[in-house]
Amino acid sequence: MTPTNLFNRYLWLLEQLTPNRRLTKEEIDRLWEISSLNKSGEKVIPRRTFARMRDAIDELFGIRIVCDRSVNVYYIADDLEEQTQNVRKFLLSAFSVNHLLRENQDLMPRILMDNVSMRGNTFLEDITAAMRDNRRLSITYQSFEMQKPREFEVCPYALRYANHRWYLLAKTDFHIALRLYALDRMSAVTATDKTFHLPEDFDAADFFSCFFGAMITDAEVETIRLKTNNFRTPYLRSLPLHHSQKEIRPGEFELRLVPTPDFLQALRSIGSDIEITRPKWLREQFRNEAKTLMKRYGGKELP
């Protein structure tokens, strides 16, 4: 069997057991019997083959498929930290989508995706290698505000994926606070011979916990309250804006985070489906923006 076929089998098995699905070996065999990957028409997956599949999945993805012997069901062990689980889910999702597209080449004209920028992705290997060795990087960088690229050194602390872009959280010699650098704004990345000390108490997940996406500021965390209409409420329930979001009463949500510009932009994108009730300054800011829009489009100005 080719490596590609084996790899596809591993993805197939993982897909059957997610999310939070528990199956007996007999149920897995029945699903395999009708799978499009089962070219030879096997009735069951041999026990030894099944064991090798589980071992390979553990080795490749760091995902353990365990058996509850009391009821003889298989499931994916949930013994990883939340942030590690998110990375595993991201990687698995990417592999699964790639497999799906490869298996449905004839449907490509009917499967549409927005343009995805691949710029910067080529630097991921160099950056992760430097992170592993605590080695300083020399990067050539040009933000949208810069007139021309600049070359400088950074200490790579963490990587973050947000808003369809990869970002590097890093320390520089000319900024006291940590800064975020978009990988797609880098034109060169080179590891240096110099190392740096990563603080023992640094926790990337904790650092980003109070931020919405790819913007960080030194502003304080605030309590944000939103009211939503009947149309928007189920959307926020199924896809929260932030991990701190909770529904304090039907259609009213509370979040605890730093109100960064990208978070405010996310609220603007929801439009009239939400009403900001707290804090007062944010409510007033959105009210003033609404007044400006009314005036700009020739409507009656709000009092």
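Up top you'll find the structure we're talking about.
In this report, we go over the structure that sits alongside the text.

What counts and what doesn't
- Residues numbered from 1 in each chain as written.
- Predicted model: local features only at pLDDT ≥ 70, side-chain atom pairs only at ≥ 80, totals over all residues.
- Heavy atoms only, no water.
- Buried < 20%, exposed > 50% of the residue type's maximum accessible area, 1.4 Å probe, protein only.
- Helix = DSSP H or I, 4+ residues; strand = E, 2+ residues; numbered from the N terminus.
- Arc of directions from axis to C-beta.
- Contact = heavy atoms within 4.5 Å.
- Pairing = 2+ DSSP bridges.
- Axes fitted to C-alpha atoms, helices over the stretch in contact; angles between N-to-C directions.
- Core = buried A, V, L, I, M, F, W, Y, C linked by side-chain atoms within 4.5 Å.
- Salt bridge = Lys/Arg side-chain N within 4 Å of Asp/Glu carboxyl O.

On to helix H5 (residues 124–133), then. Among all positions in H5, only Leu124, Ile127 and Ala130 are buried. Down the axis, H5 shows its buried residues gathered within 135 degrees of arc, on one side only. Those residues of H5 that are exposed and aimed more than 90 degrees away from the buried face are Glu125 and Arg132. Buried positions along H5 lie against strand E4 (135–141), strand E5 (150–162), strand E6 (165–171) and strand E8 (186–195). Just downstream of H5 lies asparagine 134, where phi reads positive at about 50 degrees.

Across the sheet, four strands lie side by side as E10-E11-E9-E12; this open sheet has antiparallel pairing. Strand pairing shows two members of the sheet lacking a second neighbour, strand E10 (246–249) and strand E12 (274–278), which therefore form its edges. For this sheet, the mean angle separating the axes of adjacent strands, direction not counted, is 35 degrees. Relative to strand E11 (residues 252–257), strand E9 (residues 222–228) runs antiparallel, the two sharing six bridges. Counterpart to leucine 226 in the pairing with E11 is phenylalanine 253. Each of E9 and E12 is contacted by helix H9 (residues 280–296), which is oriented at about 145 degrees to E12, the strand it contacts most.

Of the consecutive residues arginine 278 and proline 279, the connecting peptide bond is found in the cis state with omega at 5 degrees. Along the chain, proline 279 falls in the loop between E12 and H9. Located in the positive-phi region is asparagine 163, a residue other than glycine, with phi close to 55 degrees. Structurally, asparagine 163 is set in the loop between E5 and E6. Classification of asparagine 163 as partly exposed rests on a relative accessible area of 46%. With phi around 65 degrees, histidine 164 is a residue other than glycine that occupies positive phi space.

Spatially, E7-E6-E5-E4-E8 is the arrangement adopted by the five strands of the open sheet, whose pairing is antiparallel. Each edge of the open sheet is held by one strand with a lone partner, namely strand E7 (179–182) and E8. Within this sheet the neighbouring strands show an average axis-to-axis angle of 50 degrees, counted without direction. Both E6 and E7 contribute to a ladder of four bridges, which runs antiparallel. Bridging from a neighbouring strand, alanine 170 pairs with arginine 179 of E7. Contacts from H5 reach E4, E5, E6 and E8, with the element oriented near 95 degrees to E5.

Formed by 27 residues in total, the largest nonpolar core has its most connected members in Ile127, Ile139, Val154 and Met186. Elements with a minimum of two residues in this core: H5, E4, E5, E6, E7 and E8. The greatest single-element share of this core, amounting to six residues, is contributed by E5. Ignoring anything within four residues of it in the chain, the contact list for isoleucine 127 reads Leu137, Leu159, Leu168, Leu183, Met186 and Val189.

For helix H8 (residues 261–270), every residue scored as buried is listed here: Asp262, Phe263, Leu264, Ala266, Leu267 and Ile270. Contact partners of the buried residues in H8: E9, E11, E12 and H9.

This paragraph deals with the pattern of salt bridges. Oppositely charged side chains are able to pair whenever their charged atoms sit close together. This model, assessed by the stated rule, comprises 15 salt bridges. Note that glutamate 33 is salt-bridged to lysine 43, the shortest N-O span being 3.1 Å. Of this pair, glutamate 33 sits in helix H2 (residues 25–33) while lysine 43 sits in the loop between H2 and helix H3 (47–61), placing them ten residues apart in sequence. The partly exposed category is assigned to glutamate 33, whose relative accessible area is 35%. The closest approach of N and O atoms between glutamate 254 and arginine 225, which form a salt bridge, is 2.7 Å. Residue glutamate 254 is located in strand E11, and its partner arginine 225 is located in strand E9; the two are separated by 29 residues in the primary sequence. Overall, the relative accessible area of 11% leaves glutamate 254 in the buried class.

Geometric descriptors of this kind do not, in isolation, establish any biological role.
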